[in-house]
Amino acid sequence: MNGQLSKNIRAIVTVVLCLLAVSGIALFATVNLSPLFIHLPARGQLNLGEGVIRADYCRLLVYLQQPWPTRLSLANIPLSSHAVDHFRDVRHLLLIGEAVGLVSVVLGVWLLAKQKRQGQLLSVLLPLKWLFYMIVMTVWIPLINFSRDFVCFHQLLFNNQDWIFVPSRDPIILVMPEEFFWHLFIIFVVIAITLLLLLWGWLASQLGLFKLRTDKTDDGRNQGHHDNS
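Attention here is on the structure that accompanies the text. Owing to the predicted nature of the structure, the values given are computational and were not obtained by experimental measurement.

Basis of the calculations
Residues numbered from 1 in each chain as written. Predicted model: local features only at pLDDT ≥ 70, side-chain atom pairs only at ≥ 80, totals over all residues. Heavy atoms only, no water. Helix = DSSP H or I, 4+ residues; strand = E, 2+ residues; numbered from the N terminus. Buried < 20%, exposed > 50% of the residue type's maximum accessible area, 1.4 Å probe, protein only. Contact = heavy atoms within 4.5 Å. Expected span 1.5 Å × (residues − 1). Phe/Tyr/Trp six-rings, centres within 6.5 Å; stacked < 30°, edge-to-face > 60°. Axes fitted to C-alpha atoms, helices over the stretch in contact; angles between N-to-C directions. Parallel < 35°, antiparallel > 145°, perpendicular 65-115°, else oblique. Nonpolar A, V, L, I, M, F, W, Y, C, P; charged D, E, K, R; others polar.

All right, on to the overall build of the protein chain then. A count of helical and extended segments in the protein chain gives 8 helices and 0 strands. Counting only residues that meet the buried cut, the protein chain has 34% of its 229 residues in that class. Considering only contacts in the protein chain between residues 6 or more positions apart, those separated by 24 or more positions represent 78%.

Between the first and last C-alpha of helix α4 (residues 121-138) there are 26 Å, a value that for 18 residues agrees with the 26 Å anticipated at 1.5 Å per step. Within the span of α4, buried status applies to L121, S123, V124, L125, L128, L131 and F132.

For the structure shown, the criterion picks out 10 aromatic pairs. Seen from their ring centres, F132 and W200 are 5.4 Å apart, and the 75° between their planes marks the pair as edge-to-face. Of this pair, F132 sits in helix α4 while W200 sits in helix α7 (residues 178-206), and the two are 68 residues apart along the sequence. The exposure class of F132 is buried, given its relative accessible area of 10%. When its relative accessible area of 18% is taken as the criterion, W200 is described as buried.

Between helix α2 (residues 50-64) and helix α3 (residues 81-117), whose axes approach to 9 Å, the crossing angle comes to 55°. Taken together, α2 and α3 sit at an angle that is classed as oblique. For the pair formed by α2 and α3, the contact residues are L60, Y63 and L64 on the first element and F87, R88, V90, R91, L94 and L95 on the second. Broken down by class, the residue content of the contact of α2 with α3 amounts to 7 nonpolar, no polar and 2 charged.

As a packed pair, α3 and α4 sit with axes 8 Å apart at the nearest point and diverge in direction by 130°. In terms of orientation, α3 and α4 fall into the oblique class. From α3, L112, Q115 and K116 reach across to α4, where they touch L121, S123 and V124. Of the residues that constitute the contact of α3 with α4, the class distribution is 3 nonpolar, 2 polar and 1 charged.

Take a look at the structure:
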């Protein structure tokens with residue numbers, strides 16, 4: 001009984017680590033793909049060229065992912081003290097998220113390898129399937145009212161009002177409208193679900209489930225052939 005309980009707990013811990021690893025990878029990929037989705041304001045809104053805007057946004061990304069202390073400073077887009085404080089808070093959250101993801105990747109790979117050696121990968125597959133179903137069933141909920149959930153998300157993560165940007169004071173927000181974050185959310189979900197599907201497929205292949213289904217199909221066809229004969 002204790003052995004089975006320990007086996008189940010180990011499987012759940014493995015799945016949780018895999019989820020954290022997938023989230024960390026998806027977060028890193030989404031952040032670094034974000035330049036593809038920035039909004040380029042009209043000349044009347046932000047009197048800067050496309051190259052200048054993209055260069056400043058890349059400076060912001062470098063700042064957000066630098067593990068060593070530094071101060072944010074953009075070359076052409078002005079930032080108020082509130083914006084600098086907010087991006088500092090975002091930087092802390094990003095670094096924590098990516099660090100947790102990196103550690104989870106290492107631990108998750110180690111646990112999966114251990115489960116494989118002990119022939120216990122099947123115990124990992126079931127909680128992973130339930131986790132995947134839960135994600136697919138709930139991930140669309142924020143899309144119903146993204147504006148409301150976007151505000152609630154900021155209120156939950158930040159204990160100040162620095163995240164409320166005024167375009168006249170912090171024109172950087174013109175580059176990152178709400179639609180920009182909606183696109184990033186979609187990218188994050190697609191990457192995360194794809195990685196979970198790849199993990200599911202790897203587990204199934206290691207357990208020989210694909211081969212088993214192929215053999216059953218072949219046996220059925222051969223049986224049908226014999227019956228016809």
